[in-house]
Amino acid sequence: MANDHKNSSIIIFGAGGRAGRLIAEEALRRGHRVVGVVRDPAKHPGLDALDTAMTVVAGDLTDAGSVAAVVSGVSGDVAAVVNAVTPFTAPPDTFDDFDADYYVGLVENLSRAAELRRCRVIEIGLFAMLRTGDVRLYQDEVVFPAFLRPFAVARLRGLNAWADQADGVDWLVLTPPPRLAPDAPSTGRYRLGDDVHDPEATASLSYADLAKAVLDQIDEPTVTRCQAAVYGVA
């Protein structure tokens, strides 16, 4: 069903990151109000200058109380909550101590937020969670480095946690391909797949086109309660 709340808000956790910022810009272009959530607004001085409909607030997606305070503090209708958070700006030397339940906690906090505001929640996924045959891409050591496996296992636990949420939670994990290119130009085009990796999908996907896919699934939802791949179109 299409979202008919013309001026509804979209809450974006991780709005200061590459994906989050472009999702915010796309939402603003479409007439949504945007609440950009970052841990430290002082580190993102230009974010609130994007548009008068943009509000930047401090919040921590790993903290249930912080998430509840952010989402309950937004006035009016909320169309969606978006998780564009990354746990680090650059991969650490080792993931041996990475919290296996990190993403499970995020899912629980996001799910409560979606139930509180009766809205859709969209998470940006990891390509290694796509299936290939009977396994996930991260289980292929040629495709995915072995030292990253603890991180991938944590992501899979989070993906499985989504499937355990109550039937009324409208969640979607949109997963870009390995060829998500920071410098790729926007084409205005993309295509959705399911959770099985398409080896024929060789075109790069720009962050701007990923943002378009996110907003399309907020404004005109077509899939729910699943992981869906987002591919570039040559």
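Note: the structure precedes this text.
Note that the structure is a prediction, hence the values are computed from the model and not measured.

What counts as what
Residues numbered from 1 in each chain as written. Predicted model: local features only at pLDDT ≥ 70, side-chain atom pairs only at ≥ 80, totals over all residues. Heavy atoms only, no water. Axes fitted to C-alpha atoms, helices over the stretch in contact; angles between N-to-C directions. Helix = DSSP H or I, 4+ residues; strand = E, 2+ residues; numbered from the N terminus. Parallel < 35°, antiparallel > 145°, perpendicular 65-115°, else oblique. Left-handed = near helix turned anticlockwise from the far one by under 90°. Contact = heavy atoms within 4.5 Å. Nonpolar A, V, L, I, M, F, W, Y, C, P; charged D, E, K, R; others polar. Disulfide = S-S within 2.5 Å. Phe/Tyr/Trp six-rings, centres within 6.5 Å; stacked < 30°, edge-to-face > 60°. Buried < 20%, exposed > 50% of the residue type's maximum accessible area, 1.4 Å probe, protein only. Pairing = 2+ DSSP bridges. Core = buried A, V, L, I, M, F, W, Y, C linked by side-chain atoms within 4.5 Å. Lys, Arg positive; Asp, Glu negative; His and termini not counted. Salt bridge = Lys/Arg side-chain N within 4 Å of Asp/Glu carboxyl O.

Q: Explain the packing of helix α1 (residues 18-29) against helix α5 (residues 207-219) residue by residue, including any values.
A: Closest axis-to-axis distance for the α1/α5 pair is 8 Å, and the angle between their directions is 55°. With respect to α5, the axis of α1 lies oblique. Of the two possible hands of crossing, α1 and α5 adopt the one that is right-handed. Here α1 contributes R18, A19, L22, I23, E26 and A27 to the contact with α5, which in turn contributes Y207, A208, A211, K212, V214 and L215. The residue makeup of the contact of α1 with α5, split by class, is nine nonpolar, no polar and three charged.

Q: Outline the state of the cysteines, supporting the account with residue identities and numerical values.
A: Tallying each qualifying case throughout the model produces zero disulfides. Counting only cysteine sulfurs, C226 is the nearest neighbor of C119, a cysteine outside any disulfide, at a range of 17 Å.

Q: So, the environment of R21: which residues are in play, and what are the values?
A: Checked against the element boundaries, R21 lands in helix α1. Residues R21 and P91, 70 residues apart in the sequence, show an inter-C-alpha distance of 20 Å. Filtering out sequence-adjacent residues up to four positions away, R21 remains in contact with A15, G46, L47 and L50.

Q: Report on the packing of aromatic side chains, specifying residues and quantitative values.
A: The tally for this structure, following the rule as stated, stands at 13 aromatic pairs. Look at F95 and F151: their rings are 5.5 Å apart centre to centre, the planes differ by 40°, and that puts the pair in the tilted class. Taken together, the residues F95 in the loop between β4 (78-83) and α3 (102-117) and F151 in helix α4 (residues 149-163) connect sequence positions 56 residues apart. Exposure remark for F95: the relative accessible area of 2% places this residue in the buried category.

Q: Got a sec to walk through the pairing of strand β12 (residues 226-231)? Specific residues and values, please.
A: The buried count for β12 comes to five of six residues, which makes it a mostly enclosed element. Where strand β8 (residues 171-175) and β12 come together, four bridges link them in parallel fashion. Across the sheet, V173 pairs through a bridge with Q227, a residue of β12. In this sheet, β12 lies alongside strand β10 (residues 191-192) in antiparallel orientation, the contact comprising two bridges. In the strand pairing of β12, R191 is matched with Y231.

Q: I'd like a rundown of the nonpolar core, residues and numbers included.
A: Counting 45 residues, the largest nonpolar core has I11, F13, M129 and W162 as its most contacted members. Listed by contribution, the elements that provide at least two residues to this core are β1 (9-13), β2 (33-38), α2 (64-72), β4, α3, α4, β8 and β12. Of the residues forming this core, the biggest block, eight residues, is contributed by α3. Non-local contacts of W162, meaning those with residues more than four positions away in its chain, are made with V107, L110, S111, V121, E123, V169, W171 and V173. A15, V38, M54 and L174 belong to the second-largest nonpolar core, a separate cluster that totals 33 residues.

Q: Account for the side chain of D209, naming residues and giving values.
A: Checked against the element boundaries, D209 lands in helix α5. Although D209 is buried, it makes no salt bridge; K212 carries the closest opposite charge, 7.3 Å away. Once you skip the residues sitting within four places of it in the chain, D209 turns out to touch P185, S186, T187, G188, R189 and Y190.

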